[in-house]
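Overview (structure and organization)
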Number of protein chains: 2
Amino acid sequence: MKVLIVHAHPEPQSFTTAMRDLALETLQGQGHEVQVSDLYAMNWNPVASAADFVERENSDYLVYALEQRLGVKKGCLAADIQSELDKLLWADTLILNFPLYWFSVPAILKGWIDRVLVSGVCYGGKRFYDQGGLSGKRVLVSLTLGGREHMFGDDAIHGPLEDMLRPLLRGTLAYVGMDVLQPFVAWHVPYISHEERQKFLSAYQQRLETIGQDQPIEFPRLSQFDEFLYPLAQKS
Amino acid sequence: MKVLIVHAHPEPQSFTTAMRDLALETLQGQGHEVQVSDLYAMNWNPVASAADFVERENSDYLVYALEQRLGVKKGCLAADIQSELDKLLWADTLILNFPLYWFSVPAILKGWIDRVLVSGVCYGGKRFYDQGGLSGKRVLVSLTLGGREHMFGDDAIHGPLEDMLRPLLRGTLAYVGMDVLQPFVAWHVPYISHEERQKFLSAYQQRLETIGQDQPIEFPRLSQFDEFLYPLAQKS
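Residues numbered from 1 in each chain as written. Chains lettered and ligands numbered in written order. Predicted model: local features only at pLDDT ≥ 70, side-chain atom pairs only at ≥ 80, totals over all residues. Heavy atoms only, no water.

Our focus in this paragraph is the overall build of chain A. From N to C terminus, chain A includes seven helices and six strands. Listed N to C, the secondary structure of chain A is β-α-β-α-α-β-α-β-α-α-β-β-α in terms of helices and strands. Its C-alpha radius of gyration of 19 Å places chain A within 12% of the 18 Å reference for a compact globule of 236 residues. Projected onto the principal axes, the alpha-carbon positions of chain A cover approximately 55 × 50 × 35 Å. Relative to its 236 residues, chain A shows a buried fraction of 58%. Across chain A, contacts joining residues at least 24 apart in sequence account for 76% of those joining residues at least 6 apart. Just so you have it, chain A exposes about 10,200 Å², and 47% of that area is on carbon and sulfur atoms. Where the 21 positive side-chain charges of chain A centre and where its 29 negative ones centre are 4 Å apart. (Helix = DSSP H or I, 4+ residues; strand = E, 2+ residues; numbered from the N terminus. Rg over C-alpha atoms; globule rule 2.2 N^0.38 Å. Buried < 20%, exposed > 50% of the residue type's maximum accessible area, 1.4 Å probe, protein only. Contact = heavy atoms within 4.5 Å. Areas by Shrake-Rupley, 256 points an atom, 1.4 Å probe, with all protein chains shown as cover. Lys, Arg positive; Asp, Glu negative; His and termini not counted. Charge placed at Lys NZ, Arg CZ, Asp CG, Glu CD.)

Now for the side chain of Thr26 of chain B. Within the secondary structure layout, Thr26 of chain B lies in helix 1 (residues 15–29). Looking at Thr26 of chain B, its side chain comes within polar contact range of the main-chain oxygen of Leu22 of chain B, at 2.7 Å. (Polar contact = N/O pair within 3.5 Å; in protein donor to acceptor, adjacent residues only side chain to side chain.)

Okay, the packing of helix 1 (residues 15–29) of chain A against helix 7 (residues 194–209) of chain A next. A packed helix pair is summarised by two numbers, namely the angle formed by the two axes and the spacing between the axes. Residues and elements named next belong to chain A. Two elements in contact, helix 1 and helix 7, have axes separated by 10 Å at closest approach and are oriented at 35 degrees. In the packing of helix 1 onto helix 7, the handedness of the crossing is right-handed. Together, Phe15, Ala18, Met19, Leu22, Ala23, Thr26 and Leu27 of helix 1 and Arg197, Phe200, Leu201, Tyr204, Gln205, Leu208 and Glu209 of helix 7 make up the contact between the two elements. Residue composition of the contact of helix 1 with helix 7, by class: 10 nonpolar, two polar and two charged. (Axes fitted to C-alpha atoms, helices over the stretch in contact; angles between N-to-C directions. Left-handed = near helix turned anticlockwise from the far one by under 90°. Nonpolar A, V, L, I, M, F, W, Y, C, P; charged D, E, K, R; others polar.)

Moving on, we get to the interface of chain A and chain B. Between chain A and chain B, the residue contacts involve 54 residues of the former and 54 residues of the latter. Summed over both partners, the interface of chain A with chain B buries about 4,500 Å², with 65% contributed by carbon and sulfur atoms. Applying the counting criterion to the chain A and chain B interface returns zero salt bridges. Secondary-structure elements contributing two or more residues to the side of chain A that touches chain B are helix 4 (107–116), helix 5 (161–164) and helix 6 (166–174) of chain A. At six residues, the largest contribution of residues to the side of chain A that touches chain B is made by helix 4 of chain A. (Buried area = accessible area lost by both parts, 1.4 Å probe. Salt bridge = Lys/Arg side-chain N within 4 Å of Asp/Glu carboxyl O.)

Once that is clear, we can look at the relation of the copies chain A and chain B. Laying chain A over chain B is done by rotating through 180 degrees and shifting 0.0 Å along the axis; what remains is an RMSD of 0.0 Å. Those values place the two copies in the arrangement expected of a two-fold rotation axis. Among all residues of chain A, the one whose C-alpha sits closest to the rotation axis is Ala107 of chain A, at a distance of 2.5 Å. Interface overlap between copies: 100% of the residues of chain A at the interface are likewise at the interface in chain B, consistent with a symmetric, same-surface contact. (Least-squares fit on C-alpha atoms with pLDDT ≥ 70 in both.)

The positions that UniProt labels "domain: Flavodoxin-like fold" (unreviewed entry) are, in the present scheme, residues 1–208 of chain A. Measuring from the first to the last C-alpha atom of residues 1–208 of chain A gives 12 Å, for a span that is 37% helix and 15% strand. (UniProt positions renumbered as here; feature names shortened; annotations may be inferred.)

Residues and elements named next belong to chain A. With respect to the helices, strands and loops of the structure, Lys73 is situated in helix 2 (residues 64–74). The class for Lys73 is exposed, based on a relative accessible area of 73%. The spacing of Lys73 and Val121 is 48 residues in sequence and 9.6 Å in space, taken between C-alpha atoms.

Another point: helix 2 (residues 64–74) of chain B. Residues separated by three or four positions in an α-helix point in the same direction, a consequence of the helix having 3.6 residues per turn. Residue and element names in this part refer to chain B. The set of residues buried in helix 2 consists of Tyr64, Glu67, Gln68 and Gly71. Buried residues of helix 2, seen end-on, are gathered within an arc of 105 degrees and therefore sit on one face of the element. Residues of helix 2 that are buried make contact with helix 3 (79–90) and helix 4 (107–116). Two residues or fewer after helix 2 comes Gly75, characterised by a positive phi angle close to 65 degrees. (Arc of directions from axis to C-beta.)

You can see Ser223 of chain A is positioned in the segment after helix 7. Taking the C-alpha atoms as reference points, Ser223 of chain A and Thr210 of chain A, separated by 13 residues in sequence, lie 30 Å from one another.

What follows deals with the packing of aromatic side chains. Within this structure, the stated rule accounts for 22 aromatic pairs over all chains. Taking 4.7 Å as the distance between ring centres and 40 degrees as the angle between the ring planes, the aromatic pair formed by Phe184 of chain B and Tyr204 of chain B counts as tilted. In this pair, Phe184 of chain B sits in strand 6 (residues 184–186) while Tyr204 of chain B sits in helix 7 (residues 194–209), placing the two residues 20 residues apart along the sequence. Of the two residues, Phe184 of chain B and Tyr204 of chain B, neither departs from the other in class, the shared state being buried. Among the aromatic residues, ring-to-ring pairing joins Trp102, Phe103, Phe152 and Trp187 of chain A together with Tyr123, Phe128, Tyr129 and Tyr175 of chain B into one connected group. Its end group placed over the ring of Trp44 of chain A, Arg115 of chain A keeps NZ or CZ at 4.9 Å from the ring centre. (Phe/Tyr/Trp six-rings, centres within 6.5 Å; stacked < 30°, edge-to-face > 60°. Lys NZ or Arg CZ within 6 Å of the ring centre and 35° of its normal.)

All names here are of chain A. One pass over the full model with this rule turns up 18 salt bridges over all chains. Here Glu84 ties to Lys87 by a salt bridge, and the two come within 2.8 Å at their closest N and O atoms. With Glu84 and Lys87 both in helix 3 (residues 79–90) and three residues apart, this pair spans about one turn of that helix. Lys87 matches Glu84 in its accessibility class, with the two residues each being buried. A salt bridge links Arg221 to Asp130; the nearest nitrogen and oxygen atoms lie 3.7 Å apart. In this pair, Arg221 sits in the segment after helix 7 while Asp130 sits in the loop between helix 4 and strand 4 (138–144), placing the two residues 91 residues apart along the sequence. Counted as one network, the salt bridges with shared partners bring together Arg20, Asp21 and Asp38.

Let us look at the side chain of Arg170 of chain B. Within the fold, Arg170 of chain B resides in helix 6 (residues 166–174). There is no salt bridge for the buried Arg170 of chain B, and the closest opposite charge comes from Asp163 of chain A, which lies 7.1 Å off by N-O distance. Discounting residues that sit within four places of it in the chain, Arg170 of chain B has contacts with Ala156, Ile157, His158, Gly159 and Met164 of chain A together with Tyr129, Tyr175, Phe219 and Pro220 of chain B.

Right, dumping it as structure tokens:
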């Protein structure tokens, strides 16, 4: 496998960073190629703006997705975006490794998504969901959070975690065509003992060792919808 | 009313920016006080980091939420965060105005959430949902997107928009105790005519004029859960 780990945590000694290091070691130990984008260490700029295009089709009015499409064609994407896009296209497996901030990714990682998943490559026109530009690649979301497991679920105070992760799992990763694996979740991390943390690391290592055989989550397929994206009548 | 509009769009001539201007004019025209945080114009830094604290409790290991709590007490929050927090606490009504990026807020706005909704003021301990630190304030999410309305809903290709917005509406805004109003949504904006855009602006103006009477969306209440946040048995 060719694996890209995108990591976003402001503390290099954090448990989330230990998860990144473990993933790197485990996957390399199995003979896979691994690249790491450590967004904090790279001082990654998360802000989508006009400066993301060396040359612009319309320098008077910014339509970001349009400039992305043209930037791809003309090779006009900013160097930091192109570099990340190259890594993403090289990889057959993506790991997003982060602490949950507001039931979502930290802003620095949201800005990797906003800027690197460019229109014209990752999506655009009818290239989305199972037809997305990154189909054939798989993605694992591995996250840490402060809450306890019983706070998530159908009757729980926050509802199911998968529902909170919907814009990421479905709206972003499945949208660009990737096979989205069940997230790996380390619960209540700031409050647990060293031994409990070691258990999460062991579980993560086991998960990583068999990640190539994981079954992805089911998401919509374009064949279930007509050309205007109205749902086709379900066969009974 | 005292209204804070937090606006995030990279193009000053955009329709989303026209919505911001309309909100400012409409609300001021009704005699309300309005402040605007234009995140792109302010060159807002969205990246939560150790630099967010003038002084740190633990300078060897960053626990972000912990430093927020202490930063609040000691007045050690970075000046840009304190300034936004002051505006937020001044306001009784918040408007988040943005284009939907990946079924979520643009990274620059996610970073406003990550950095400004500080622990110790907006949430912390048992201060969340109806007990949240910002209870009594109301919030309107007003957004533009490229998709058409029929692409969202129970059987639609993306599912209900409210489900995609869950980490924002429930996991963030309701979490800190705010009364969350039904979002205002302008559909398919990059592709529609001037006349259709004017209709959205008229609808938005009408909505703003009666925003003080809107009924908020229902969310969990802490009284439905025990002290460990397990759900209490439902009375039949």
